[in-house]
Amino acid sequence: MTDLFAKKPIELLLEEARDTGSHSLKRTLGVFQLTALGVGAVIGAGIFVLSGLGAHYAGPGLMLSFVLSGLGCAFAALCYAEFAAMIPLAGSAYTYAYATLGEIFAWIIGWDLTLEYAMGASTVSSGWSNHFIELLNIFHIRMPLWLAYDHWTGLNEAEKIVARQMAQASDSTLVPGTQAFLAKVTAIMSAQSPDLVQRAHDLLNAPHLFGYEIGINVPAFLIALVITAILVIGIKESARFNATIVIIKVGVVLFVIGLGIYYVSPSNWGTDWATFAPFGFSGIGAGAAYIFFAYIGFDAVSTTAQEAKNPQRDLPIGIIASLLVCTVLYIAVAAVLTGMVPWREVNIEAPIARAFLDRGLTGASHIITLGALAGLTSVMLVMLLGQTRVLYSMANDGLLPKKFFADIHPRFRTPWKNTMLVGLLAAIVGSLTPIDEIGKMVNIGTLLAFVIVCIAVLALRRTNPGQPRPFRTPWVPFVPVMGILFNGYMMYKLGWINWARLIIWLVIGMVVYFTYSRNHSRVQAAVAARKVKQPV
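Residues numbered from 1 in each chain as written. Predicted model: local features only at pLDDT ≥ 70, side-chain atom pairs only at ≥ 80, totals over all residues. Heavy atoms only, no water.

Observations regarding the overall build of the protein
Here is the rule we go by: To qualify as a helix, a DSSP run of H or I must reach at least 4 residues; to qualify as a strand, a run of E must reach at least 2; elements of each kind are numbered from the N terminus. Within these notes, the globule rule equals 2.2 Å times the number of residues to the 0.38 power, and the radius of gyration is based on C-alpha atoms. By definition, residues are in contact when any of their heavy atoms lie within 4.5 Å. Areas reported as accessible are Shrake-Rupley estimates using a 1.4 Å probe. Residue values count occlusion only from the protein chains shown. We count Lys and Arg on the positive side and Asp and Glu on the negative side, and we leave His and both chain ends out. Charged side chains are reduced to one point each, which is NZ for Lys, CZ for Arg, CG for Asp and CD for Glu.
A tally of helices and strands in the protein yields 23 helices and 2 strands. Taken against the 2.2 N^0.38 rule, which gives 24 Å for 536 residues, the C-alpha radius of gyration of the protein at 24 Å falls within 12% of a compact globule. Taking the intrachain contacts of the protein between residues at least 6 apart in sequence as the baseline, contacts between residues at least 24 apart amount to 83%. Carbon together with sulfur atoms contributes 68% to the accessible area of the protein, which is approximately 22400 Å² in total. Each charge sign in the protein was given a centre, from 36 positive and 29 negative side chains, and these centres are 10 Å apart.

Now the structure itself:
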């Protein structure tokens, strides 16, 4: 069993990092591109949506909720930065675990990262489709529901539309987006009356195949394929595309802040602690737990380590700077939202857009929709990029078929076969399945990666204290321990259903490991060779 904990020597990792041949990844990324990748992965539609529910937990104290969540991510980010500078290889947490905790933990985290990146990209493609449909609606273009959603989501969306119509017909005083309105809609949908079901099927109007209604999320399928094509063409082109999208969406966020300031009433922030934080620190903590997921993605910067020009210097800057930029923007948006609207009246479904619409600023709400669309585009690009680089690293170590997953295109210098497979699977999953439940697995997979990286920093400081570290995580063991506790607590808060999903996923991974990966592992082969040479 000790072979399961065989570590990949850091000297070998550094030798691989120095490889610049035609069969290796191309080093073209600088500080700006790396920071843009981090911002691209973090700022999505979450800030325009999650802030609404967060405000109902924390009140104006939502600003402190974003500080608290950002602090939790910062602990993990500082640990990521040390490894990214010390071991500048694609693979992120997978590579770090291989060097410090052993092969079995490396496999677990590599398999787990598929939840964060591949499933995350599928989830985002579905979310992108929703905002694209909103954009089409602005121009009065309507897509049939069965072409805009998978069958289950399309039917649910039809039921929701009918339920909202029934709720408004039953009580004209209900305001869409408020808690009372949403509670009424939920009650109508839960009752599943024959009238609701029939009207929903009529609205869906889906064709039948072999006697069953069908549906496909066409926008989600197409955007995943477009992003995949960009990633195949090259990392430099992908980084340029991402940087352009990031500039657009950061511009939209700054637009929201700049315009919203003129409509802020300081009295909405409260006059003392009791009115600023109506539910005290408990409410601020609850808000932080909910909006934490708006931060997920900064760790994807570390997967591009093998494509950075000066990884020892630039990767820590990219990781920490992107997290800092996002935190500042998040706090500012929270301040504007809770200053524009009394926290009890903040719309839950579309808080920012509704705040502007209520003041007659229809054009501003359209710009916000565009910003959310741009945000999700770059998130998807970075998620797919991260997944392909993790698989590339695992294949180079023999844990996956190298001829396929680590094959580098001679012209584009990208793992093209791997990228096309991941992109196609993301397109299929995002377009044909109700991704919301699978998407919840993304959160627990990400948090597990954070915890393992924090543990790995502690392990390597003990086992290899003399290893050169271009960037050192400060205040060890305080920072990694806090990262373990904070992110471990967040995993606990996700509930037993998500734990069950994670365990089932990891069990499937163990089957793959023991039937294929362990038998083809380069590290296991080296261990076996050493045993043969040892005298009896």
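Considering helix α8 (residues 151–170)
Test applied: Expected span of a helix, by definition, is 1.5 Å for each gap between consecutive residues, and there is one gap fewer than residues. Only protein chains enter the area calculation, which uses a 1.4 Å probe; residues under 20% of their type maximum are buried, those over 50% are exposed, and those in between are partly exposed. Definition of a polar contact: a pair of N or O atoms within 3.5 Å, with one able to donate and the other able to accept a hydrogen when the atoms are protein atoms, and with sequence-neighbouring residues admitted only if both atoms are side-chain atoms.
For α8, which comprises 20 residues, the first-to-last C-alpha distance of 28 Å matches the rise-based estimate of 28 Å (1.5 Å per residue) to within 8%. Turning to α8, its buried residues number three or more, namely His-151, Gly-154, Leu-155, Ala-158, Glu-159, Val-162, Ala-163 and Ala-167. Capping the start of α8 is the job of one residue whose side-chain oxygen sits 3.1 Å from the backbone nitrogen of Trp-152: Asp-150.

Section: helix α5 (residues 93–100)
Of all 8 residues in α5, 8 are buried; the element is thus mostly enclosed. Of all the residues in α5, the buried ones are Ala-93, Tyr-94, Thr-95, Tyr-96, Ala-97, Tyr-98, Ala-99 and Thr-100. Looking at the residues trailing α5, positive phi occurs at Gly-102, about 110 degrees.

Quick look at the packing of aromatic side chains
For any two aromatic rings, the description comes down to two numbers: the centre-to-centre distance and the angle of the planes. Rules: Note on aromatic contacts: the rings of Phe and Tyr and the six-membered ring of Trp form a pair at centre separations within 6.5 Å, being stacked when their planes are under 30 degrees apart, edge-to-face when over 60 apart, and tilted otherwise.
Across all of its chains, the model carries 21 aromatic pairs by this definition. Judged by centre distance (6.0 Å) and plane angle (45 degrees), the rings of Trp-273 and Phe-276 are tilted. One end of the pair is Trp-273 and the other is Phe-276, both in helix α13 (residues 273–276) and 3 residues apart, which spans about a single turn. A residue is classified by how much of its surface remains accessible, and Phe-276, at 19% relative accessible area, is buried.

Things to note about the nonpolar core
Our working definition: In these notes, a set of buried Ala, Val, Leu, Ile, Met, Phe, Trp, Tyr and Cys residues joined through side-chain atoms within 4.5 Å is what counts as a nonpolar core.
Phe-48, Tyr-80, Phe-83 and Phe-298 are the most contacted members of the largest nonpolar core, which has 143 residues in total. Here this core takes 17 residues from helix α17 (residues 362–396), the largest share from any one element. The residues contacting Phe-83, other than those within four sequence positions of it, are Tyr-96, Thr-100, Val-453, Ala-456, Val-457 and Leu-460.

A word on the packing of helix α4 (residues 62–86) against helix α15 (residues 311–340)
Going by this rule: Angles run from 0 to 180 degrees between N-to-C directions of axes, and those axes are lines fitted to C-alpha atoms, restricted for helices to the stretch in contact. Roughly parallel means an angle under 35 degrees; roughly antiparallel, over 145; roughly perpendicular, 65 to 115; everything else is oblique. Classification convention: Asp, Glu, Lys, Arg as charged; Ala, Val, Leu, Ile, Met, Phe, Trp, Tyr, Cys, Pro as nonpolar; all other residues, Gly among them, as polar.
One way to put it is that α4 packs onto α15 with a least axis distance of 9 Å and a crossing angle of 175 degrees. As the angle between them shows, α4 and α15 are arranged roughly antiparallel. Partitioning the contact of α4 with α15 into residue classes produces 22 nonpolar, 4 polar and no charged.

Quick look at the state of the cysteines
As used here, a disulfide is simply a covalent bond connecting the sulfur atoms of two cysteines. Put simply, the test is: The disulfide criterion is simple: two cysteine sulfur atoms within 2.5 Å.
What the rule picks out here adds up to 0 disulfides. Here Cys-73 is not disulfide-linked; the sulfur of Cys-326 is the nearest cysteine sulfur, at 9.9 Å. Classification of Cys-73 as buried rests on a relative accessible area of 1%. Assessed through its relative accessible area of 0%, Cys-326 is described here as buried.

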